[in-house]
Amino acid sequence: MWSPEIPAFVPLLIGALLALITRGWLRGAVTLAVIVVSGLLLLQVPAGTSVQLSFLGYDLMPYRVDKLSLMFGYVFHIAALIGVIFALHVKDTLQQVAALVYAAAALGAVFAGDLLTLFVFWELLAVSSVFLIWARRTERSYVAGLRYLIIQVLSGVILLAGLLAHGSATGSLAFGYIGLDGVGSWLIFLAFGIKACFPLLHNWLTDAYPEATPTGTVFLSAFTTKVAVYALARSFPGTELLVFIGAAMTCFPIFFAVIENDLRRVLAYSLINQVGFMVCGIGIGTALSINGAVSHAFNDIIFKGLLFMSMGAVLHMTGRINGSDLGGLYKSMPKTALLCIVGAASISAFPLFSGFVSKSMVMAAALEEGYDWVWLMLLFASAGVFHHAGIKIPYFAFFAHDSGIRTSEPPTNMLTAMTIAAVLCVAIGVYPQWVYQLLPFDTGYNPYDATHVLTQTQLLFFSALAFVWLNLQKMYPPELHSVNLDAEWLYRRFAPRLIGAGFSRVWQLDRNFREWCLSRITGLINYLAQLHYPGGRGSVTRPTGHMVIWVAVLLAVYLWLLLSFPNAAMVGH
Amino acid sequence: MAEKKHIFDDPKNVKRVLYLLYTCCGILFALDFVIHRHLVHPWERLVGFYAVYGFVGCVVLVLIAKWMRTFLMRDEDYYDREELVMKSGADGGDHVES
């Protein structure tokens, strides 16, 4: 009845339709069942399946299954399942439908075999996900969502322009290796780069994700950036530029994360930092580094989801998310605190947690390929991520000074979702083969050799020591109610001001011109008036005698003309 | 009604956690001399390279971030002031004072 050639996004779109017409517990049951069934169906689909069709002379492949796309397909199902469980208590049709369409769009994008299909899902990702931001229904989330939508749709438009240029240059729209040559490929690279949060193009994420609903951010953190990572891995592996872009992405956000007050924005910065590791791995382009990038994407979806869930639970229960307002929550939310620490340990790459078994592949590959400075940057970023995501998040939310907030554990469904994610984090960390067997290449990498375990543990423990020392010395920057300027300042403050200044200049010129015209007209009127005012030349009253003289002159001229041309009078007759 | 005492309300327990951390750091540093490591990069051969790099890296990170605050930090409503249309501003004008 169900064919493996039916694309993986179809069940989830059906699920979204069902969610639209059902209510209450039935909707929860239906959506969960759809995701589980869709995941089980995907497990049956063998690598190598594809669907081809011809459209306007181009060979399109709307569905293409291989090891790389399957891996993302699996983890997107896990993310959707965890996200839906986390959001079971929410009674908001808009969010629940949008989340399923969003997940379906992500699946459609990773299983797309041609750029045109990719474009369609690329835009659907943007249009469906923005409702998870607007669902917060605050003025801030509304404007943040608008900015998010504009940037995301812009990325899609650039992708469309790029794929048209690339298609006409090469005659193929295949979504495979593209590489950087030609205008089209650069445009495609830029479009992927916007969604992957390249430096200076990254602020849509830190702007919008913290404004989304507590449950919406969990979905957002899973799909958009990972689709971009997948697209880069598919089309630009081994592009050296990505090594440096990725290294920059791992480093700069951690500075912002240290001084950021909104804990979900701290996680957003740390999301960029983690995507940096993946981008760097794709840029290095060896089997080991690509494996590292892909497996890190897989693990990141789960542990970053877990961290966003724990902060979502805090926001849901206390209504607050700023580090300066929180603290001491371990007293009333001990389970959430524990689950958050599991996520923090995973993102920090502690041995026996999931980050450890994937991130190190990228770093090992960087060393092998002779990127010494990049390796040092990645090492710095590894210490830094522990500092801001591993320690800062749990510390300021659950420990630090007691804020006096007394609440209770979040609803059971939230705890269940977090527990599933936490169990996966530990399971992958303890038994990495489970993920390694899904990887596109077989490298025989073993993360648990004595050197790696020791050096990574040293790095992390001494980073923790630095945190403790800075705190005891009162040198750690306190959490403050504040906004930190970032690249977004260019379009949120500078550009509006510039445009405002430009318009006021135009208005000034326009006003000056009209004033000049008006003054000329007034001058003319005044001149004419002056002529006719008493004493003006136009108002002189002349005696009748003058007229007699002028008549005599006219008659004289007439007479003179008549005498000079005697025949002229005859001609008239 | 006295609130239940929690584990970190007692400063002694906080001290214990810190001493545990110090001990772990000490042991890890010492292990450099014991465990034979496979090293790829010459810098890695320095004794305690990862430990020192982690510690110094984090201190530098925090100090630079702190310094960045001096020119990047603005009031919490820095953007909101211009971006959000406050309800009072968008009022139709027929607001009756009570």
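Residues numbered from 1 in each chain as written. Chains lettered and ligands numbered in written order. Predicted model: local features only at pLDDT ≥ 70, side-chain atom pairs only at ≥ 80, totals over all residues. Heavy atoms only, no water.

Caption draft 1: Main features of the overall build of chain B. Across its full length, chain B holds three helices and one strand. The 98 residues of chain B split such that 30% are buried. (Helix = DSSP H or I, 4+ residues; strand = E, 2+ residues; numbered from the N terminus. Buried < 20%, exposed > 50% of the residue type's maximum accessible area, 1.4 Å probe, protein only.)

Caption draft 2: Inspection of the pairing of strand β2 (residues 58-64) of chain A at higher detail. All names here are of chain A. In this sheet, β2 lies alongside strand β1 (residues 50-55) in antiparallel orientation, the contact comprising five bridges. Among the inter-strand pairings, Ser54 is bridged to a residue of β2, identified as Asp59. The loop that links β1 with its antiparallel partner β2 comprises two residues; one of these, Leu56, has a positive phi angle of about 55°. (Pairing = 2+ DSSP bridges.)

Caption draft 3: Quick peek at the interface of chain A and chain B. The partner chain B presents 54 residues to the 59 residues of chain A that form the contact. Taking both partners together, chain A and chain B bury about 5500 Å²; carbon and sulfur atoms supply 69% of that area. Joining chain A to chain B, the criterion identifies six salt bridges. Two residues, A:Arg492 and B:Glu83, come together in a salt bridge whose shortest N-O distance is 2.7 Å. Run the count over chain A and chain B and you get 20 residue pairs in polar contact (both at pLDDT 80 or more). (Contact = heavy atoms within 4.5 Å. Buried area = accessible area lost by both parts, 1.4 Å probe. Salt bridge = Lys/Arg side-chain N within 4 Å of Asp/Glu carboxyl O. Polar contact = N/O pair within 3.5 Å; in protein donor to acceptor, adjacent residues only side chain to side chain.)

Caption draft 4: View of the UniProt feature "domain: NADH:quinone oxidoreductase/Mrp antiporter transmembrane" (unreviewed entry) in chain A. Cross-referencing UniProt, the feature "domain: NADH:quinone oxidoreductase/Mrp antiporter transmembrane" (unreviewed entry) maps to residues 112-382 of chain A in the present numbering. With 76% helix and 0% strand, the stretch residues 112-382 of chain A has end C-alpha atoms that lie 33 Å from each other. (UniProt positions renumbered as here; feature names shortened; annotations may be inferred.)

Caption draft 5: The arrangement of the side chain of A:Thr22 in detail. Of note, A:Thr22 is situated in the loop between α1 (9-21) and α2 (24-44). Reaching out from A:Thr22, the side chain makes a polar contact with the backbone oxygen of A:Leu18 at a distance of 2.7 Å.

Caption draft 6: Local environment of the nonpolar core. All names here are of chain A. Counting 214 residues, the largest nonpolar core has Phe76, Phe192, Phe223, Leu232, Met311 and Phe398 as the members making the most contacts within it. A per-element tally of this core places helix α12 (residues 287-318) first, with 17 residues. Leaving out residues up to four positions away in the same chain, Phe398 has contacts with Met311, Val314, Gly327, Gly328, Leu329, Tyr330, Met333, Thr336, Ala337 and Cys340. (Core = buried A, V, L, I, M, F, W, Y, C linked by side-chain atoms within 4.5 Å.)

Caption draft 7: Main features of the pattern of salt bridges. Evaluation of the coordinates by the stated rule reveals 20 salt bridges over all chains. Its salt-bridge partner being A:Lys226, residue A:Asp300 comes within 3.0 Å of it at the nearest N-O pair. Of this pair, A:Asp300 sits in helix α12 while A:Lys226 sits in helix α9 (residues 216-235); the two residues are 74 residues apart in sequence, bridging distant segments of the chain. A:Asp300 gets classed as buried once you look at its relative accessible area, which sits at 0%. Looking at A:Lys226, the relative accessible area reads 0%, which means it is buried. Salt-bridge contacts for A:Arg406 lead to A:Asp402; the nearest nitrogen and oxygen are separated by 2.7 Å. For A:Arg406, a relative accessible area of 36% corresponds to the partly exposed category. In the salt-bridge network here, residues are joined through shared partners; they are A:Arg147, A:Asp207, A:Glu488, A:Arg492 and B:Glu83.

Caption draft 8: Fine view of the UniProt feature "transmembrane region" (unreviewed entry) in chain B. Residue and element names in this part refer to chain B. Annotation from UniProt places "transmembrane region" (unreviewed entry) at residues 17-35 and 47-65. Structurally, residues 17-35 comprises 95% helix and 0% strand, and the distance from its first C-alpha atom to its last is 26 Å. The distance separating the terminal C-alpha atoms of residues 47-65 is 28 Å; by composition the span is 89% helix and 0% strand.

Caption draft 9: Molecular detail of helix α4 (residues 93-110) of chain A. The first and last C-alpha atoms of α4(A) sit 26 Å apart over 18 residues, in line with the 26 Å expected at 1.5 Å per residue. Of all 18 residues that make up α4(A), 16 are buried, and the element is covered over most of its length. (Expected span 1.5 Å × (residues − 1).)

Caption draft 10: Seen up close, the state of the cysteines. Per the counting criterion, the structure on display carries zero disulfides over all chains. Summary of cysteine pairing: A:Cys425 is not part of a disulfide, and the nearest cysteine sulfur, belonging to A:Cys340, is at 11 Å. Left without a disulfide partner, B:Cys25 is nearest to the cysteine sulfur of B:Cys24, which lies 6.9 Å away. (Disulfide = S-S within 2.5 Å.)

Caption draft 11: Structural view of the packing of α12(A) against helix α13 (residues 334-347) of chain A. Residue and element names in this part refer to chain A. Packing of α12 against α13 brings their axes to within 8 Å, and their N-to-C directions diverge by 150°. Accordingly, the angle class assigned to the pair α12 and α13 is roughly antiparallel. For α12 against α13, the interelement crossing comes out left-handed. Mapping the contact onto sequence places Phe303, Lys304, Leu306, Leu307, Ser310, Met311 and Ala313 in α12 and Thr336, Leu339, Cys340, Val342, Gly343, Ala344, Ser346 and Ile347 in α13. (Axes fitted to C-alpha atoms, helices over the stretch in contact; angles between N-to-C directions. Parallel < 35°, antiparallel > 145°, perpendicular 65-115°, else oblique. Left-handed = near helix turned anticlockwise from the far one by under 90°.)

Caption draft 12: Spatial organisation of the packing of aromatic side chains. Residues and elements named next belong to chain A. This structure, assessed with the given rule, holds 43 aromatic pairs over all chains. Their ring planes at 85° and their centres at 5.7 Å tell us that Phe131 and Trp134 sit as a pair that is edge-to-face. Residue Phe131 and its partner Trp134 are both found in helix α5 (residues 115-134); the two are separated by three residues, about one turn of the helix. Using a relative accessible area of 31% as the deciding quantity, one classes Phe131 as partly exposed. (Phe/Tyr/Trp six-rings, centres within 6.5 Å; stacked < 30°, edge-to-face > 60°.)

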